[in-house]
Structure formats: structure tokens, C-alpha cells
Amino acid sequence: ILEHSDISRDFQILLNELKKRSPQKPEEYQWIQQVVDIKSVRDWMLTQIFTGNQDIGNIRIWKSSLEGSKWKYLLFDSDLSFLVPKFDTLSFVLSKNYKINYPHQNISGWLVENPTFRVDLHQRAMYFYQTLFSPQRFQASLKKVKEVYGPEMKADRNRWGIRLSTWENQVR
């Protein structure tokens, strides 16, 4: 695994390179596929959209030090998910104004401008919403969360000075 300073330097080189390249050109899309695990970015984006996460700045991006390794996105710290049903996460995550947001959005924002990536993102979204994020699967998962964490929530809510009924209403 790369040391922190190596990661920072290597990641900054990637961000600088993105500024020089056009996402509309097929050869540039081929280039980014060689350095970034596009599937991890795509799945991260779709998960953020589905969960309505309002804080997409909490992310882990990593790569190993092995030759030919690619940058990968990891889902991390999603505590601001499922809070505001009317929050427009779709626009937030797919924003092309990525240069003023979080550094990792330089990659996702760049990809959104590529027509091949957009088609892939749409196809994967259809799969996710019919399978992993289907209402039936989501309800079953929510039921398990209530069963596993419900008994622990009283102490947690007391610790943070929040009524237990707040959590119970949120996981109905």
C-alpha cells in the first residue's frame, strides 16, 4: 500500500491530468479506465444517489502500490443518508460543477461528461434499482437493521440526547 504522501502526490497528479483531458474523447475515456476503477466510481455514485447522502465529501479513495493498480472508491461515513427525502442527490452527485466541490468529484464529474460512462451509469442504475435497491430488498434489510440494532438504540439515543422515537419513526 502506498504511503500517505505518495497517495497524495499520485492522486494530485491524476487530478492535474484530468484538467488537460477531454471526457468527450474516446481515447481519453480509455486512458481513465487504465488509472481509475470506473466500476467502483459508478457504484459509489449510484449508492450515494439511492441513499440521498447529503455529505458525499466523506469518501475513501485508494490504490495499492502494485504496478497497474487503479484508484478505487470506497463508501464511507454515510450518516447523512436517508435524512431529507426531497434532497436532490441526483443533481448533487451528477453535478458538472465538480471543480468547486470535493476533489474526488473531479473524477466523477469528469466521467459524467463522457457519453459512454453515462450509458453505463444508466444501465447499472436500472440493474441496481431492480435488484439491490428494490423496495422488497430494502424493506427486508431495514427489518433486519431494526432487529439487530433496535435493542442498542436506547443507549445510543440517551448518549446523544435524542428521543428513541425519532429513530423508530425514521426506520418505519
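Before any of the text, the structure's been laid out above.
What counts, and where the lines are drawn
- Within every chain, residues take consecutive numbers counted from 1 along the sequence as written.
- Given that this is a predicted model, residues contribute local features only at a pLDDT of at least 70 and side-chain atom pairs are listed and counted only at 80 or more, while totals for whole chains, interfaces and linings are drawn from all residues.
- With hydrogens and water stripped out, all remaining heavy atoms of the structure feed into the side-chain values.
- Helix and strand assignments come from DSSP, with helices taken as H or I runs of at least 4 residues and strands as E runs of at least 2, each series counted from the N terminus.
- Here a polar contact means two N or O atoms within 3.5 Å. Within protein one must be a hydrogen donor candidate and the other an acceptor candidate, and residues neighboring in sequence count only if both atoms are side-chain atoms.
- It only takes one pair of heavy atoms within 4.5 Å for two residues to be counted as in contact.
- Burial classes: relative accessible area under 20% of the type maximum marks a residue as buried, over 50% as exposed, and values in between as partly exposed (1.4 Å probe, protein chains only).
- Strand pairing follows a simple DSSP-based rule, namely that at least 2 bridges must link the two strands.

A few words now on the side chain of T51. Position of T51 relative to the elements: it lies in helix α3 (residues 38-51). Within the structure, the side chain of T51 is placed 2.9 Å from the backbone oxygen of T47, a separation counted as a polar contact. Every residue in contact with T51, bar those within four places of it in the chain, is listed here: S81 and F82.

In this section: the pairing of strand β1 (residues 59-62). The side-chain alternation of β1 yields one buried face, formed by I59 and I61, and one unburied face, formed by R60 and W62. With four bridges connecting them, β1 and strand β2 (residues 72-75) associate as antiparallel partners. Residue pairing for β2: W62 is matched across the bridge by K72.

Here the focus is unusual backbone geometry. Within the chain, D77 stands out as a residue other than glycine whose phi angle is a positive 55°. Its place among the elements puts D77 in the loop between β2 and α4 (89-93). Given a relative accessible area of 34%, D77 falls into the partly exposed group. One non-glycine residue, F82, lies in the positive phi region at around 60°. Overall, F82 belongs to the partly exposed group, its relative accessible area being 48%.

From the geometry alone we can't say anything about function, so treat these as descriptive.
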